[in-house]
Structures are given as structure tokens and as C-alpha cells.
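Working through the structure, step by step
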Amino acid sequence: MKKSKWSLLLTIVLVLSVFLSACSGKNGKDDKANGNASEGNGSSSKEKVLNLLDSSEIPYLDNIMADDSVSLNVANNVYEGLYTLDDKDQPVLSGAAEEPQEKDGGKTWVFKLRDDAVWNNGEKVTANDYVFAWRKAVAKETATQYSFIYQVAGILNADKILNPEDKMYNKTDQLGVKAIDDHTLEVKFAADPASKPYTKAVLSFPTFYPQNEAFVKKQGKEFALEADKALYNGPYTLSKWEHEKGWQLKKNPKYWDKNNVKVDTINVNVVKEEATRINLFETGKADRTTISAEYVDQYKDKKDIFSTVPESTLFFLRMNQKNKALANENIRHALDMGWDKKQLTDVLLNNGSVPAYFLVPSKFVNGPDGSDFREKYGDLNKGDAKKAKELWEKGLKELGTKKVELTLLNYDSDTAQKDAQFIKNQLEKNLPGLSLKIKPQPFKQKLKLEEKLDYDISYAGWGPDYPDPMTFVDMFVTGSPHNEMNYSNKKYDDLIKKASSETDLKKRWAMMQDAEKILIQDDAAISPMYQRGLAYITKPNLKNVVNHSFGGDFSYKNWDVK
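This write-up is about the structure you can find in this document.

Conventions and cut-offs
- Residues numbered from 1 in each chain as written.
- Predicted model: local features only at pLDDT ≥ 70, side-chain atom pairs only at ≥ 80, totals over all residues.
- Heavy atoms only, no water.
- Helix = DSSP H or I, 4+ residues; strand = E, 2+ residues; numbered from the N terminus.
- Rg over C-alpha atoms; globule rule 2.2 N^0.38 Å.
- Buried < 20%, exposed > 50% of the residue type's maximum accessible area, 1.4 Å probe, protein only.
- Areas by Shrake-Rupley, 256 points an atom, 1.4 Å probe, with all protein chains shown as cover.
- Lys, Arg positive; Asp, Glu negative; His and termini not counted.
- Charge placed at Lys NZ, Arg CZ, Asp CG, Glu CD.
- Contact = heavy atoms within 4.5 Å.
- Polar contact = N/O pair within 3.5 Å; in protein donor to acceptor, adjacent residues only side chain to side chain.
- Pairing = 2+ DSSP bridges.
- Axes fitted to C-alpha atoms, helices over the stretch in contact; angles between N-to-C directions.
- Salt bridge = Lys/Arg side-chain N within 4 Å of Asp/Glu carboxyl O.
- Arc of directions from axis to C-beta.
- Parallel < 35°, antiparallel > 145°, perpendicular 65-115°, else oblique.
- Left-handed = near helix turned anticlockwise from the far one by under 90°.
- Nonpolar A, V, L, I, M, F, W, Y, C, P; charged D, E, K, R; others polar.
- Expected span 1.5 Å × (residues − 1).

In this section: the overall build of the protein chain. Counting its regular elements, the protein chain contains 18 helices and 21 strands. Against the 2.2 N^0.38 benchmark of 24 Å for 562 residues, the protein chain shows a C-alpha radius of gyration of 23 Å, consistent with a compact globule. Expressed along its principal axes, the backbone C-alpha trace of the protein chain runs to roughly 70 × 60 × 45 Å. When the 562 residues of the protein chain are sorted by exposure, 61% land in the buried category. Roughly 21,800 Å² of accessible area belongs to the protein chain as shown, and the carbon and sulfur atoms make up 47% of that amount. Here the protein chain holds 81 positive side-chain charges and 82 negative ones, and the gap between their average locations is 1 Å.

So, in C-alpha cells, the structure goes:
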């Protein structure tokens, strides 16, 4: 997601996509480029310019470090790996010239790289660029939260290199990747990836993108901290980056498929206040933005600009079990049941989001028998205020107290503030003795506090990284970098471990369903909030806009202005 994504659910958070005026306004050329989605509105009469909005600064430009929806979306458009996603979320060749030659019973894939793939400084993208980046991703010193995805992909020895208890720990040269020559890349898997039908989709994730070793080493600690401190091999380059204000993407003239990149310039402006975003859209300074419930009624009948998009991103409340109260199972169950999720989605959000009583979203993936993941157990831990109060009082008795004070770590967007206030009001009403303080933080700072477990409850989101339930359920195994709440259950860990290596797809599916039931129904480790839908208003002349259901949210390469 990704934290998503969001990753940034995204993640998240990813609640907005808007357009940038901050990058312009310093000279006449940029002022012209800052109109609405347009052809002929920039410095050239044929230049196509797009103005978007986002709710957050870019936390990471280094694709290896990217672990949130904003960073992953940028990486998805300025870099490129072996595969990319098409408009149906299928992995298609990009950096690889052809599908891999399979050897060793399918356990070794040999890729031929494109001869015309280059960095924006003109240097060739080589097999060593992949080897360097992949080894960097699993190195202890890098400490990326996405090192685990090499285990997910089943890359040979990734599990041992990442395991501090293994004698191969941090020996990155033992990773199953090798440059045969400048344009031939060999990838070895621990097992035949046929049991993981999502392998090519995983390889489209930004953590698998190459990096130019010489350039990265020359930049040292400054690498990817500014727009000119990175090299780009994707459809766009990051041409400007004004921290906390916005950034600008320019069509990459060195990109091998530049003739199929339609939009020349994309300005992204960071705007947290919804009223400001709406005003930018109405005055032609933004071409697309999400809208919240209070604006849905205003726009829902304007069929040419209004739309809702269902997503596979889940928002939930993390409950940090380092907190004594939240380590109590009854307290967690009470907090999960003590507020009305349907009222949140139907009244406050009103954007196509649906209440969640699960971790793995509905209509995300189907199992070996073709059924949706949700069909077996449906909604989990569904309760009401009365049941929540009973569990709360039982938990307080076990703790030997009548009062509990907690802090809710939150995003700093308008929408998130309204959601948090609603939850606070309901929980304090239904759970006597609870005091819940809301703590809004900028996105990047919020992520850091989560990573340090420096919070009680956190409003979090997760968008899938690849099309499989494992992208959700493996977050919460003991010691996972994305656990971030001190949760541990040996039975849960064992199920996920077995599912990770199980080749019988039906058994694997059942293991992941049983694990989710433990997490939500038995342990109430998290409080699922909603499966996100988004309401957008979009300029009618912006075409081919597709939301990816996993990985980076958008591929601007396919967008067009008519």
C-alpha cells in the first residue's frame, strides 16, 4: 500500500488527488501551465498540462524506502521495473523486453532487459542496477519496511538474509538475483513460483525497481532528498519539489515509450483543507479532487464530473498493546464494538465507503474455487453499544480501574478530523470512564510515531501491494515491520507461516481465512473501520483515469487530456 497507502491507504491516505499551483507562480511559463487540464495551456501551444492535488508531502522519493501511498504513487510514475500494471491491473512487460525464460523447473527466471531503457541522464538501465537495488532493499543498513516483500515474492534466500537468527543474515550477495551481462538478469526463487500466481504482479511493485549504483553512491546520504538528487527511468521525471507545498512531473524525454505518454506536465499541490480544494477545482486551478460527504449532494447529479470509485483499501484503528489498557482483550473488543461504523460510512463519508468488520476487503480477490475471500466468515466481531459496554466494564474490572485515558493518533486532513471526532463522541458516550484525546499529525510525522509505537490508538489505512489476501494478513505476524502495535499470537503466526509455503492453493486459502478470524474475532487486535470508496469531481476533458487496486494508485502514463 502499502500504507497506503496508504498507502498510502494509504493510505492512505490517499484521500486526495489534487493539483499544484505552488510549483508555478514564479515565472510566466509556470503560471500558464497552471490552468485546468488543458491542451495548449502551457509554454507550448500543444503542451498538455494537468493540475492535481494531494493531502501530503512525499515522505520518500527513494523507491526502496517508499512505504506509503503518496511515495508509492510518485515512484510508480517516475521509475519503472520489469513489469508495470495495465488499466486492468494486469502485470505487463516494461523494463523487461520479453517474458522470462524459465529454468530449473520454473525456479529460475532469466529476463532480457530492454536495450532502449535508459536513465534520464542518458545512461543505460542495466541488470546490475536491479541487482544493486534488490540487495540494497534486503540489507540491514537500509532498514526499509518493505524488505519483507522479497520473501513474499519467494526470491531465493531472502528469508534467511532477513532473519537475524540465520547464519546467512544480511549476506545480501546471497540473494537470488544475478547480472549475467548488462542486459540479462537472472532471478532465482526458493520454490516454483507457480504456487504464487501473483509473482509477476509483485515484481511490478516499486521496491523491485532498479537504481543506478554509481549515482546513488555519489549522492550518498543526499540521495533522493531533492528532485535533482535522483535519476528517473519512468514515464515522468520529478522536475520540481517544494517540500510541504507540492511537486511537478515532466514527461521524460529519455523514456523508451515516451510516444505513448500523453500529458506533458503534471503539477501536484499539497492542500489539506477541503474548501480550498473545491475552490481550486471550481476556479479551474485543479482538474480532479476527492470530495467528502458534505459536497456529495452538491455534485452527485452532475454526471459529467462526479463519480465514486470503490477500492480495496481498508481503514482501521491500530491498538497499541504496549499500552496496559489496550493489552486487555475485553477493552479492545469494547473499543471495536462501541461505535457505529455504518453511520460513519453512510453519513460522514457518503462516498461509496462501506463499514468493515474484516481485514481482507470484499471483492478484492477470489479463491481457487472462484469464491470471494469474504464468503466463508463474512463479518467478524460485529456487536453493538450494549455488548461493548458489558465488555468494557469487564475489562475495567480486570484492570482494577474505573477510568482509562487514551490518545487517538490521526491524520491532519479535514475529513480525518471529522471521522476522529465522531468516533471519540461515540466511544466516550458508550464506554463510561473513557477519555479519548485526538492527536492530529502531518502524514510523515504520523508514520514515524506509528513506527516507534509512540501512540495508543492510530487511525490507519492499508492498500494492497499485490492481488492476494497475504498482502493484508501477513502485516500482523509477530515482529513484522508493519505490525506496529506489539500484537503477537503464535497460532496466528503459525497459520501465516504455513500458508506462505503451502502449495495446495485450497489449503493455503483456508489458512489465511482462519488467521483473519483469529485477528479480528478472537483477539480484536485491530478495529476495522471501513473499506474505502472515494467520491471525485473530475474535469470532463480528463480521460483514461484508472485507479489501481494494488501498488501505486495511478499510472499517469495512460491519462490524457482531450
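On we go from here.
What follows is about the environment of Glu213. Summarising the element assignment, Glu213 is placed in helix H8 (residues 213–219). What Glu213 contacts, discounting residues up to four positions off in sequence, is Asn128, Asp129 and Phe132. Polar contacts involving the side chain of Glu213 include one to the side chain of Asn128, which spans 3.0 Å.

So, on to the sheet that holds strand S6 (residues 101–103). Spatial strand order, S6-S7-S9-S8: four strands in an open sheet with antiparallel pairing. Strands with a single pairing partner mark the edges of an open sheet, and in this sheet they are S6 and strand S8 (177–181). Across the sheet, the mean angle from the axis of one strand to that of its neighbour is 25°, orientation sign disregarded.

Right, let's get into unusual backbone geometry. Its identity is not glycine, yet Asn157 carries a phi of approximately 75°, on the positive side. Inspection of the secondary structure puts Asn157 in the loop between helix H5 (149–152) and helix H6 (158–161). For Asn157, a relative accessible area of 12% translates into the label buried. In this structure, Ala524 takes a positive phi of about 45° despite not being glycine. Structurally, Ala524 can be placed in the loop between helix H18 (505–522) and strand S19 (526–538).

Applying the stated criterion to the full structure yields 26 salt bridges. For the salt bridge of Lys300 with Asp297, the shortest nitrogen-to-oxygen distance reads 3.3 Å. Among the residues examined, Lys300 registers a relative accessible area of 35% and is labelled partly exposed. For Lys562, the salt bridge goes to Asp560, with nearest N and O atoms at 3.3 Å. Here the salt bridges share partners, and the residues they tie into one network are Arg318, Lys446, Glu450 and Glu484.

The side chains of a regular strand alternate between the sheet's two faces. Strand S12 (residues 265–270) sits mainly inside the fold: six of its six residues count as buried. Side chains of S12 alternate between two faces, with Thr265, Asn267 and Asn269 and Ile266, Val268 and Val270 buried alike. Bridging between strand S3 (residues 48–54) and S12 involves six bridges; their strand directions are parallel. Considered in S12, the bridge of Leu50 is made with Ile266. Bridge count for strand S11 (residues 246–251) against S12 is five bridges, and the pairing is antiparallel.

On to helix H15 (residues 443–451). Among all positions in H15, only Phe443, Lys446, Leu447, Leu449 and Glu450 are buried. Looking straight down H15, one finds its buried side chains confined to an arc of 165°; they lie on one side. Of the residues one or two after H15, Leu453 is the one with positive phi, at around 55°.

Turning our attention to the packing of helix H12 (residues 341–349) against helix H14 (residues 414–430). Where H12 meets H14, the closest approach of the two axes is 11 Å, and the angle between their N-to-C directions is 140°. Taken together, the axes of H12 and H14 lie oblique to each other. Handedness of the crossing formed by H12 with H14: right-handed. Of the residues in H14, those in contact with Gln343, Leu344, Leu348 and Leu349 of H12 are Thr415, Lys418, Asp419, Phe422 and Gln426. Looking at the contact of H12 with H14, its residues break down into four nonpolar, three polar and two charged.

Quick look at helix H17 (residues 490–501) now. If you check H17, its first and last C-alpha atoms are 17 Å apart, about what twelve residues at 1.5 Å a residue would give, namely 16 Å. Among the residues of H17, those classed as buried are Tyr492, Asp493, Leu495, Ile496 and Ala499. In a view along the axis of H17, the buried residues occupy a sector of 165°, so they form one face of it. Facing away from the buried side of H17, by more than 90 degrees, are the exposed residues Lys490, Lys491, Lys497, Lys498 and Ser501. Sitting at the amino-terminal end of H17 is Asn489, which places a side-chain oxygen 2.9 Å from the backbone nitrogen of Lys491.

It is worth spelling out the packing of H17 against H18 at this point. The contact between H17 and H18 brings their axes to 9 Å, and the two run at 160°. What the angle tells us is that H17 and H18 run roughly antiparallel. For the pair H17 and H18, the sense of crossing is left-handed. Between H17, through Lys491, Tyr492, Leu495, Ile496, Lys498 and Ala499, and H18, the contact on the second element is made entirely by Arg508, Met511, Met512, Asp514, Ala515, Glu516, Ile518 and Leu519. When the residues that make up the contact of H17 with H18 are grouped by side-chain class, the tally is nine nonpolar, no polar and five charged.

Any functional reading would require information beyond the geometric quantities listed.
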